[in-house]
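The lines below spell out each chain.
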Amino acid sequence: MDVRGSWERTARGAMLLGDDGRLRPTIFAEMSALATATGAINLGQGFPDEDGPAEVLEAARQAISDGLNQYPPGRGLPVLRTAIAEHQERFYGIRVDPDRDVLVTAGATEALAATVLALTDEGDHVVTFEPFYDAYAAVTALARAELITVPLRSPGFSPDLDALRDAVTDRTRIILVNSPHNPTGSVLDREALELIVELAHEHDAVIVTDEVYEHLTFGVEHIPIASLPGAAERTITISSGGKTFSTTGWKVGWLVAPPHLLEPVLAVKQYLTYVNAAAFQPAIAAGLRLPDRYFESAADALRRKRDILSSGLSAAGFAVGAPDAGYFVIADAAPLGAEDAAAFCRSLPELAGVVAVPVTAFVRDENRAHYASLVRFAFCKREDVLDRAAAQLASLPR
């Protein structure tokens, strides 16, 4: 058995190997290390620099004091599973059984990995939109499945629905939907979502959604695909508390699905982390039960931060689109004479004391040309940090 060759093919499919055949670090690790080495403002990695709501933090402290420090149940603590079920009904009118339809995971990424590993076989297709969160390629390659992508093109980053129809075939096992979308900040409209449901029925595919930015939208409605007619029985909805409650380091995620889809995922998940974050689970449950004003204020605060950074990027000479959701803004560095965003990002700490990430990190090598000059900046930072970053970016040569 050619173990080395098999590993290399898998690693290349997951975008883990460089052109020299060596294992390459993720762009996030590379850019965060660059920020540390240079003292630059890190707008590359999507983590907040402020703590989440006091009620959530206090609930975690209390859980630790109460001795909740050992393995929780495999499906997650009942208090969190119940809060997730309440959340789905409260915000979306979706009724689920917390004992049968909810699984707590180590962040959304584990939920995605366990789902793809559980539901695909070698040669199956996983269809998603490109650019895509880099873990999608990695877990698809680990499952020996094939990633098929539908491009989202600037400006607007809306999918071509005809291209989506062409991408989904009888070999499609999973349609992987990320909305609100990372890295572009776009939100799929009802027409696109209804087409996905139609195609899933036509080709007997499972819909898997990544909705971690569900509460961080800016005047645009997020529609969970599971709320649409005919979708719930073939949809796995994935989300997490990290982005909503500024607790990304806690890694508390979940999925909601009917038992016939959840059970195979649970069978895989128990051999990944098994369980996680016992003391943080009641804390995220407390967060999900916060009043509406918290969720509204969190989105409003991010909208202000988006506008601060976007204005600064525009003043610096970038072409900037306005994201409808999330933590990130996409800026085109071509007006500054930068045609290679990766090289531009590596020079940006020296030029302006700021770190960002090239959008080419979220696309396959064969499609890099379509996104060559686009840069992703994170605005989930304190306003004074964003003001300082905007001032430093204004010094870029044009």
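Looking up the protein chain in an unreviewed UniProt entry gives the name Aminotransferase class I/II-fold pyridoxal phosphate-dependent enzyme, with the organism given as Antiquaquibacter soli.

J.: Sorry if this is basic, but what is going on with the overall build of the protein chain here?
T.: Per the secondary structure count, the protein chain includes 13 helices and 13 strands. In terms of overall dimensions, the protein chain is globule-like: its C-alpha atoms have a radius of gyration of 21 Å, near the 21 Å expected for 398 residues. Dimensions of the protein chain along its principal axes, counting C-alpha atoms only, are 60 × 50 × 45 Å. Looking at the protein chain as a whole, 58% of its 398 residues are labelled buried. Looking at the protein chain alone, contacts between residues at least 24 apart form 75% of all its contacts between residues at least 6 apart. For the protein chain, the distance from the average position of its 35 positive side-chain charges to the average position of its 53 negative side-chain charges is 4 Å.

J.: Sorry if this is basic, but what is going on with the side chain of His-203 here?
T.: With respect to the helices, strands and loops of the structure, His-203 is situated in helix H8 (residues 190–203). In contact with His-203, not counting residues within four places along its chain, are Val-168, Thr-169, Asp-170 and Thr-172.

J.: Would you mind going over the pattern of salt bridges with me for this structure?
T.: Should their charged atoms come close, side chains of opposite charge can pair. Scanning the model with the defined rule gives 16 salt bridges in all. With a shortest N-O distance of 3.5 Å, Arg-364 and Glu-366 are connected by a salt bridge. Exposure remark for Glu-366: the relative accessible area of 57% places this residue in the exposed category.

J.: I tried to follow the sheet that holds strand S3 (residues 125–130) on my own but got confused; where do I start?
T.: Spatial ordering of the open sheet is given by S2-S8-S7-S6-S5-S3-S4, a layout of 7 strands whose pairing is mixed. With partners counted over all chains shown, the strands left at the sheet margins are strand S2 (102–106) and strand S4 (146–151), one partner each. Neighbour-to-neighbour, the strand axes of this sheet turn through a mean angle of 25 degrees, independent of strand direction. As judged from the 5 bridges shared by S2 and strand S8 (residues 252–256), these two strands associate in the antiparallel manner. Across the sheet, the residue bridging to Thr-105 is Gly-253, located in S8. Here helix H5 (residues 107–119) sits on the sheet in contact with S2, strand S5 (172–178), strand S6 (206–210), strand S7 (235–240) and S8, set at roughly 155 degrees to S7.

J.: Explanation requested: the packing of H5 against helix H6 (residues 135–142) in the structure shown.
T.: It is at 9 Å that the axes of H5 and H6 come closest, and there the two elements cross at 30 degrees. One element, H5, and the other, H6, form an angle in the roughly parallel class. Here H5 and H6 pass one another in a crossing that is right-handed. Packed against H5, whose contacting residues are Thr-109, Leu-112, Ala-113, Val-116 and Leu-117, the element H6 presents Ala-135, Tyr-136, Val-139, Thr-140 and Leu-142 at the interface. Across the contact of H5 with H6, the residue classes tally to 8 nonpolar, 2 polar and no charged.

J.: Can you walk me through the sheet that holds strand S9 (residues 319–320) in this structure?
T.: Two strands in a sheet stick together by hydrogen bonds in their backbones, pointing the same way (parallel) or opposite ways (antiparallel). The strand order S9-S10-S13-S12 describes an open sheet built from 4 strands, whose pairing is antiparallel. Because the sheet does not close on itself, it has two edges, and the strands there are S9 and strand S12 (357–358). As defined by bridge partners, S9 adjoins strand S10 (residues 328–332) across 2 bridges and the pair is classed as antiparallel. Bridge pairing links Ala-319 to Asp-332 in S10.

J.: When you look at the packing of aromatic side chains in this model, what are you seeing that I'm missing?
T.: Ring pairs (aromatic) are described by centroid distance and by the angle formed between their planes. Tallied over the entire structure, the rule returns 14 aromatic pairs. Between Phe-218 and Phe-379 the ring centres are 6.3 Å apart and the planes differ by 50 degrees, which places this aromatic pair in the tilted class. Residue Phe-218 is located in the loop between S6 and S7, and its partner Phe-379 is located in the loop between strand S13 (374–378) and helix H13 (383–393); the two are separated by 161 residues in the primary sequence. In terms of burial, Phe-218 and Phe-379 fall into one category: buried. The ring of Phe-328 is capped by Arg-376, whose NZ or CZ atom sits 3.5 Å from the centre of that ring. If you follow Lys-381 out to its NZ or CZ, it ends over the ring of Phe-47, 3.7 Å from the centre.

J.: Sorry, what's going on with the nonpolar core here?
T.: Buried together is how nonpolar side chains tend to be arranged in soluble globular proteins. One finds Ile-236, Leu-255, Phe-318, Phe-344, Leu-348, Phe-377 and Leu-393 to be the most contacted residues of the largest nonpolar core, which totals 99 residues. Core analysis: the next-biggest nonpolar cluster, separate from the first, contains 31 residues, Phe-157, Ala-167, Val-197 and Ile-207 among them.

J.: Would you explain H13 in this entry?
T.: Every α-helix carries 3.6 residues per turn, so stepping three or four residues along brings you back to the same face. Those residues of H13 that fall on the buried side of the exposure criterion are Val-385, Leu-386, Ala-389, Ala-390 and Leu-393. Projected down its long axis, H13 shows its buried positions confined to an angular sector of 135 degrees, all on one face. Summarising the contacts, the buried residues of H13 are in contact with strand S1 (41–42), helix H11 (292–316), helix H12 (341–352), strand S11 (354–355) and S13.

What counts as what
Residues numbered from 1 in each chain as written. Predicted model: local features only at pLDDT ≥ 70, side-chain atom pairs only at ≥ 80, totals over all residues. Heavy atoms only, no water. Helix = DSSP H or I, 4+ residues; strand = E, 2+ residues; numbered from the N terminus. Rg over C-alpha atoms; globule rule 2.2 N^0.38 Å. Buried < 20%, exposed > 50% of the residue type's maximum accessible area, 1.4 Å probe, protein only. Contact = heavy atoms within 4.5 Å. Lys, Arg positive; Asp, Glu negative; His and termini not counted. Charge placed at Lys NZ, Arg CZ, Asp CG, Glu CD. Salt bridge = Lys/Arg side-chain N within 4 Å of Asp/Glu carboxyl O. Pairing = 2+ DSSP bridges. Axes fitted to C-alpha atoms, helices over the stretch in contact; angles between N-to-C directions. Parallel < 35°, antiparallel > 145°, perpendicular 65-115°, else oblique. Left-handed = near helix turned anticlockwise from the far one by under 90°. Nonpolar A, V, L, I, M, F, W, Y, C, P; charged D, E, K, R; others polar. Phe/Tyr/Trp six-rings, centres within 6.5 Å; stacked < 30°, edge-to-face > 60°. Lys NZ or Arg CZ within 6 Å of the ring centre and 35° of its normal. Core = buried A, V, L, I, M, F, W, Y, C linked by side-chain atoms within 4.5 Å. Arc of directions from axis to C-beta.

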